[in-house]
Amino acid sequence: MVKTEAAIALGVGAYAATTFVGTPAQTQKHNLRSSHAAVAGSTGSTSSAGTIAASTAAGVAVAAVGASKRRTRAQRRATATETRFDTAKSEAIFTEAKDLMPGGVSSPVRAFKSVGGNPVVFDRVKGAYAWDVDGNQYIDYVGTWGPAIIGHADDTVLKALTEQMAKGTSFGAPCALENELAKMVIDAVPSVEMVRFCNSGTEACMGMLRLVRAYTKRDTVIKFEGCYHGHGDAFLVQAGSGVATLGLPDSPGVPEGATKGTLCATYNDLNSVEELLKNHEVAAVILEPVVGNSGFIPPTKEFLVGLRELTTKYGALLVFDEVMTGFRISYGGAQEHFGVTPDVTTMGKVIGGGLPVGAYGGRRDIMEMVAPAGPMYQAGTLSGNPLAMTAGIETMKRLKQPGSYEHLDKITKKLINGILDAAKEAGHQVCGGSISGMFGFFFCEGPVTCFADATKSDTEKFGRWHRMMLERGVYLAPSQYEAGFTGLTHTEEDIDKTIAAAKEVFALL
């Protein structure tokens, strides 16, 4: 765990007493007043020596009050300053990395630019925990950005992977494991009648985009401000995730023609969608059914139902990007949770069990456009590789066991409610929520229903809060514009420790 001095525990206790119940100093003051009242109410027969003794005692008590105040202040300072959070090895590795890789990372949000300081460098993970190269232990609420839903380095998954590695890591040819995982996905996800595997969520969304345009013979698509669908050119328009984190409205290097067919609407606003559908021949309306790349922003049920009706009315396809929500907020994803079925779905993260994977699927008549069944071309050397298929199969087997999603719902609600209550108790404006194993919060009054609302969050305060939580052994997404994740290995004790840390940090913030 993060190393702390014993004085911290004393400091935390003193701080809590000062704020909520009254310090020992205040008790002494109260007793001193009582003593003075008793002296004043005496019969006057008190001798001169007694008066001197009483005065002396009062002086000692006053001195004790002052000393107690000084100790309380010192203890509070100790809480804030004596946490020994040693990251020397992480600092050295990251310094070297910046000379080897752009920004020192392989994906932008990992660089901690929006929260200040440098990232910690991980050494190993297991269950709900991560350890950095300096030996600090964290309760992990990032979970490799979603895939670790049954816990890091699950023993059953590792055993299956070890057995598969003895047979080979990549075939570049059909294998039976693809059939097995495909059947599991088709059985679980309401919209999917056929599925194509690939290697990442970005790749799944790129294939999906080409597919919906090929099927409808239309070029224009509608996305939503703040929704992220990977780093394909056509999607880097008012995107969330790393683009929002870095404050970039889009990306240099994306030609004008690549985004010409991409229109943006406002999340949870049906009028903004219909206005675009009326005036353009739209191939598809594409969205995160629960936004996770602008922070956690849930839809209204009316919004999703309305999108289904509008796309049908105007001859467009409805696409749910469930790379993040798939198999996380329910076994059948957001579409099962909300009871709204799209035409096409993109998936990733969980179905790879921690290995690189992506997939897109949908109605049979649409999917039969994909080569070699149809003319829409998409291919991949490592697509459907046996390791990713194995990890995905074992992960989904575990998720299907009774009680899995009930556990996720219970602990995640407890976590987010505890954080929100701690913020309120300390006088901070924070709003948020959760669905099953996905959660998020914003440092603003709220409610947050779209990306414009999310940008009102106090990101500077969030950055300070994030660092202070990190120092107390809690690893959260290093951006206000990212959702958080729980897993089956998170325990009630983990949640209690996290809430306790949150209370301490909010009180000091």
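To be clear, the structure that these remarks concern was listed above.
In short, a report on the structure. Remember, predicted model here, so these are calculated numbers, not experimental data.

Time to look at the sheet that holds strand β10 (residues 317-321). Taken in spatial order, the 7 strands of this open sheet run β6-β12-β11-β10-β9-β7-β8, and their pairing is mixed. At either margin of the open sheet sits one strand with a lone partner, and together these are β6 (194-198) and β8 (262-265). Taking the axes of each pair of neighbouring strands and ignoring which way they run, one obtains an average angle of 20° across the sheet. As defined by bridge partners, strand β9 (residues 282-287) adjoins β10 across 4 bridges and the pair is classed as parallel. Residue pairing across strands places L287 opposite F320, the latter belonging to β10. The sheet strands contacting helix α6 (residues 176-188) are β6 and β11 (344-348), and the helix crosses β6 at an angle near 125°.

Contact geometry for helix α5 (residues 155-165) and helix α14 (residues 386-399): axes closest at 9 Å, N-to-C directions at 150°. By the angle class used here, α5 and α14 are roughly antiparallel. Like other packed secondary-structure pairs, α5 and α14 cross with a definite hand, here right-handed. Residues T156, V157, A160, L161, Q164 and M165 of α5 pack against P386, L387, T390, A391, E394 and T395 of α14. Class assignment for the residues of the contact of α5 with α14 results in 7 nonpolar, 4 polar and 1 charged.

The strand order β13-β14-β16 describes an open sheet built from 3 strands, whose pairing is antiparallel. Edge strands, defined here as strands with exactly one partner in the open sheet, are β13 (431-435) and β16 (484-485). Bridge count for β13 against strand β14 (residues 438-442) is 5 bridges, and the pairing is antiparallel. Residue C431 lies in a different strand from β14, and its bridge partner there is F442.

Excluding glycine, most residues fall at negative phi; most peptide bonds, likewise, are trans. The omega angle of the peptide bond from A371 to P372 is 10°, so this bond is cis rather than trans. Along the chain, P372 falls in the loop between α13 (364-367) and α14. G446 connects to P447 through a cis peptide bond whose omega is 0°. The phi angle at N268 is positive, at roughly 70°, despite the residue not being glycine. By the secondary structure assignment, N268 is in the loop between β8 and α10 (270-279). Taking relative accessible area as the criterion, N268 reaches 21% and is therefore assigned partly exposed. Of note, the phi angle at F327 is positive, near 65°, even though the residue is not glycine. The topology assignment puts F327 in the loop between β10 and α12 (333-338).

Oppositely charged side chains can pair when the atoms bearing their charge come close. This structure, assessed with the given rule, holds 17 salt bridges. For D155, the salt bridge identified is with K126, shortest N-O distance 2.5 Å. Of this pair, D155 sits in helix α5 while K126 sits in strand β3 (residues 122-126), and the two are 29 residues apart along the sequence. Under the relative-accessibility criterion, D155 is labelled exposed at 56%. What makes K126 partly exposed here is its relative accessible area of 33%. Between E492 and K410 there is a salt bridge, with its nearest N and O atoms 3.4 Å apart. On the criterion of sequence distance, the pair formed by E492 in helix α18 (residues 492-508) and K410 in helix α15 (residues 404-425) is long-range, its members being 82 residues apart.

Running from N to C, α10 and helix α11 (residues 301-314) cross one another at 10°; their axes reach a closest spacing of 10 Å. Classed by the angle they form, the pair α10 and α11 counts as roughly parallel. Along the contact surface, α10 presents L270, V273, E274, L277 and K278, while α11 presents E302, F303, G306, L307, L310, K313 and Y314. For the contact of α10 with α11, the class distribution of residues is 7 nonpolar, 1 polar and 4 charged.

Applying the stated criterion across every chain, the model contains 20 aromatic pairs. Each ring, one from F439 and one from F441, has its centre 6.4 Å from the other, and the planes form 20°; the classification is stacked. By relative accessible area, which is 1% here, F439 ends up buried. Between F441 and W465 the ring centres are 5.3 Å apart and the planes differ by 80°, which places this aromatic pair in the edge-to-face class. You can see F441 sitting in strand β14 and its partner W465 sitting in helix α17 (residues 459-471), a full 24 residues away along the chain. In textbook terms, an aromatic cluster arises when at least three aromatic residues are bridged by ring pairs, as seen for Y141, F439, F441, F443, F462, W465 and F506.

Calculation rules
Residues numbered from 1 in each chain as written. Predicted model: local features only at pLDDT ≥ 70, side-chain atom pairs only at ≥ 80, totals over all residues. Heavy atoms only, no water. Pairing = 2+ DSSP bridges. Helix = DSSP H or I, 4+ residues; strand = E, 2+ residues; numbered from the N terminus. Axes fitted to C-alpha atoms, helices over the stretch in contact; angles between N-to-C directions. Contact = heavy atoms within 4.5 Å. Parallel < 35°, antiparallel > 145°, perpendicular 65-115°, else oblique. Left-handed = near helix turned anticlockwise from the far one by under 90°. Nonpolar A, V, L, I, M, F, W, Y, C, P; charged D, E, K, R; others polar. Buried < 20%, exposed > 50% of the residue type's maximum accessible area, 1.4 Å probe, protein only. Salt bridge = Lys/Arg side-chain N within 4 Å of Asp/Glu carboxyl O. Phe/Tyr/Trp six-rings, centres within 6.5 Å; stacked < 30°, edge-to-face > 60°.

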